[in-house]
Amino acid sequence: MTESTAARQPRRSAGSKAAGTTGTKAETTGKRTARTTRTTRTAAKKGTETELVQLLTPEGERVEPAKNSPYAEYASYVADITPDELRGLYRDMVLTRRFDAEATALQRQGELGLWASLLGQEAAQIGSGRATREDDYVFPTYREHGVAWCRGVDPTNLLGMFRGVNNGGWDPNGNNFHLYTIVIGSQALHATGYAMGITKDGADSAVIAYFGDGASSQGDVSEAFNFAAVYNAPVVFFCQNNQWAISESNEKQTRVPLYQRAQGFGFPGVRVDGNDALACLAVTRWALERARRGEGPALIEAYTYRMGAHTTSDDPSRYRHDDERVAWEAKDPILRLRRFLEAANHADEGFFGELESESEALGKRVREVVRAMPDPDRFAIFENVYADGHALVDEERAQFAAYQASFATESNSGSAAGEGV
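Each helix and strand counted, the protein chain has 15 helices and eleven strands in total. In the structure as shown, the protein chain presents an accessible area of about 18900 Å², 50% of it carried by carbon and sulfur atoms.

Next comes the structure, spelled out in structure tokens:
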């Protein structure tokens with residue numbers, strides 16, 4: 001099976017925290033007294049440090065915030081997480097990475113026109129995606145393959161647009177997962193408007209909008225922040241700060257850490273270790289639940305790293321050094337959780353072996369489905385422009401039909417000429 005076991009049924013209600021209990025051994029193995037983790041890349045030049053919510057270190061050790069720490073509230077949202085749920089998070093990340101690798105390979109082989117890889121961002125996406133409820137609504141960019149997985153979207157449906165056979169291969173309302181948004185930052189406004197709407201409907205669900213650090217420089221995002229704050233919209237803004245807006249580094253985009261921008265609009269912002277699936281799960285649960293309670297928007301900055309290229313048309317070696325990538329590879333989100341699972345005896349070689357087999361089966365299925373995708377009807381583009389038709393569209397359709405027919409005529413003429421030689 002390729003569907004995540006963690007996706008089969010909701011794990012919590014609107015007002016609850018994580019369900020279940022942690023095994024006794026997990027309570028004493030792989031943990032240590034928490035310390036406030038800090039990052040300095042953006043803030044170092046200003047002589048300040050930036051706080052970072054982290055519950056798993058890169059070495060796979062569990063971090064427990066002190067009871068009087070401001071981070072204790074976040075940790076409470078995963079305090080009772082079960083070994084099965086932890087294995088589910090790991091499985092989600094492994095299968096998402098395998099799918100992503102296969103899509104990249106398919107693009108290199110000419111089967112896809114383009115692909116935007118999520119390599120390195122699996123924890124941010126799986127952790128936050130698993131925090132959502134079935135009735136929440138997600139507005140992605142074009143890189144949220146892991147979130148799509150969490151929402152139950154078949155991964156092969158993501159590839160039709162990149163193969164050029166459709167404009168989005170799934171019904172957004174079927175999984176409450178909107179179509180991919182190519183226009184940078186516009187989905188933040190869509191999400192805010194949707195959140196304002198569900199408030200008027202009296203629903204207790206929430207909305208989450210994903211965007212990157214580059215999109216945070218767009219005016220649409222600032223407008224969304226302002227509307228969400230003024231109207232107390234139940235929306236969570238989830239920024240995956242992967243350090244590079246294509247070739248533009250963070251230092252050239254902002255003078256303050258991105259999460260601090262929320263302060264200027266009047267709602268909370270928090271920076272979380274984006275390579276820590278457990279921390280991303282906890283912080284996103286916190287933000288979504290406060291939104292459902294009517295406490296308004298929040299901004300989460302998942303501090304992570306884009307291991308590969310921006311898209312398959314990009315060459316990151318032209319603007320960043322390999323030593324930076326190597327440093328971040330040591331913080332690999334999948335390896336981090338595996339180390340914790342092994343240290344806490346939550347997973348054995350049998351589990352990892354079965355997952356490897358499942359991963360290869362997923363890659364094979366993706367290849368087969370993509371190569372079997374039928375070419376689209378060339379005239380379908382004219383069908384849904386206007387609900388009741390339009391004279392100009394009818395004229396354009398006729399012109400296009402004549403243009404297509406001209407190729408058949410030329411082919412027949414050439415064939416006839418060849419036969420006469």
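Right, let's get into the pairing of strand β10 (residues 269–273). In regular strands, side chains alternate between the two faces of the sheet. Counting buried residues along β10, four of its five residues qualify, which places the element largely inside the surrounding structure. With five bridges joining them, β10 and strand β11 (residues 298–303) adopt parallel strand pairing. Residue pairing across strands places Val272 opposite Ala302, the latter belonging to β11. Tracing the backbone out of β10, into helix α11 (residues 277–292) and back to the parallel element β11 gives a crossover that is right-handed.

Attention now moves to the pattern of salt bridges. Pairing between side chains of opposite charge can happen when their charged atoms approach one another. Summed over all chains, the structure comprises 26 salt bridges. The partner of Arg62 in a salt bridge is Glu64, with the nearest N and O atoms 3.7 Å apart. Arg62 gets classed as buried once you look at its relative accessible area, which sits at 5%. Where Glu301 meets Arg271, a salt bridge forms, and the shortest distance between an N and an O atom there is 2.8 Å. One end of the pair, Glu301, is in strand β11; the other, Arg271, is in strand β10, with 30 residues separating them in the sequence.

Right, let's get into the pairing of strand β7 (residues 235–241). Across the seven residues that make up β7, a large majority, seven, are buried. Residues Val235, Phe237, Cys239 and Asn241 line one face of β7 and the alternating positions Val236, Phe238 and Gln240 line the opposite face, and both faces are buried. Sheet topology places strand β6 (residues 207–212) next to β7; six bridges connect them, and they run parallel. Bridge pairing in β7 places Phe211 opposite Cys239. In this region the chain leaves β6, passes through helix α9 (residues 219–230) and returns to the parallel neighbour β7; the handedness of that crossover is right-handed. The pairing of β7 with β11 spans six bridges and is classified as parallel. Paired with Cys239 across the bridge in β11 is Glu301.

Attention now moves to the environment of Gln240. On the secondary structure map, Gln240 appears in strand β7. Judged by relative accessible area, which is 3%, Gln240 ranks as buried. Considered as a pair, Gln240 and Gln121 are 119 residues apart in the sequence and their alpha carbons are 7.9 Å apart. Those residues in contact with Gln240, other than ones at most four positions away along the chain, are Gln121, Ala124, Gln125, Glu144, Tyr210, Phe211, Gly212, Asp213 and Ala302. At a separation of 3.3 Å, a polar atom in the side chain of Gln240 contacts the side chain of Gln125.

Averaged over all residues, the pLDDT of the protein chain equals 87, while 85% of them reach at least 70. In this model residues 1–49 is a low-confidence stretch, pLDDT under 50, and it forms 125 contacts with partners more than four residues away in sequence or in other chains. Segment residues 415–421 is flagged for pLDDT under 50; beyond a separation of four residues in sequence, or across chains, it makes zero contacts in the model.

Attention now goes to a nonpolar patch on the surface. There is a patch of nonpolar side chains on the surface, built from Phe227, Val230 and Tyr231 and spanning about 330 Å² of accessible area. By the secondary structure assignment, Phe227 is in helix α9.

Okay, the packing of aromatic side chains next. This structure, assessed with the given rule, holds 28 aromatic pairs. With a centroid separation of 5.7 Å and 65° between ring planes, the pair formed by Phe139 and Tyr194 is classed as edge-to-face. Here the residue Phe139 occupies a position in strand β5 (residues 137–139), and Tyr194 occupies one in helix α8 (residues 186–201), the gap between them amounting to 55 residues. The exposure class of Phe139 is buried, given its relative accessible area of 3%. Among the aromatic side chains, those forming a connected cluster through ring pairs are Phe99, Trp115, Phe162, Trp170, Phe177 and Tyr180. A cation over an aromatic ring shows up here: Lys331 above the ring of Trp328, its NZ or CZ 4.2 Å from the ring centre. Sitting over the face of the ring of Phe352, Arg338 holds its NZ or CZ atom 3.7 Å from the ring centroid.

Calculation notes
- Residues numbered from 1 in each chain as written.
- Predicted model: local features only at pLDDT ≥ 70, side-chain atom pairs only at ≥ 80, totals over all residues.
- Heavy atoms only, no water.
- Helix = DSSP H or I, 4+ residues; strand = E, 2+ residues; numbered from the N terminus.
- Areas by Shrake-Rupley, 256 points an atom, 1.4 Å probe, with all protein chains shown as cover.
- Buried < 20%, exposed > 50% of the residue type's maximum accessible area, 1.4 Å probe, protein only.
- Pairing = 2+ DSSP bridges.
- Right-handed = clockwise from strand over helix to strand, strands pointing away.
- Salt bridge = Lys/Arg side-chain N within 4 Å of Asp/Glu carboxyl O.
- Contact = heavy atoms within 4.5 Å.
- Polar contact = N/O pair within 3.5 Å; in protein donor to acceptor, adjacent residues only side chain to side chain.
- pLDDT = per-residue confidence, 0-100.
- Patch = residues over 30% accessible without salt bridge, like charges linked within 9 Å, V, L, I, M, F, W, Y side chains within 5 Å.
- Phe/Tyr/Trp six-rings, centres within 6.5 Å; stacked < 30°, edge-to-face > 60°.
- Lys NZ or Arg CZ within 6 Å of the ring centre and 35° of its normal.

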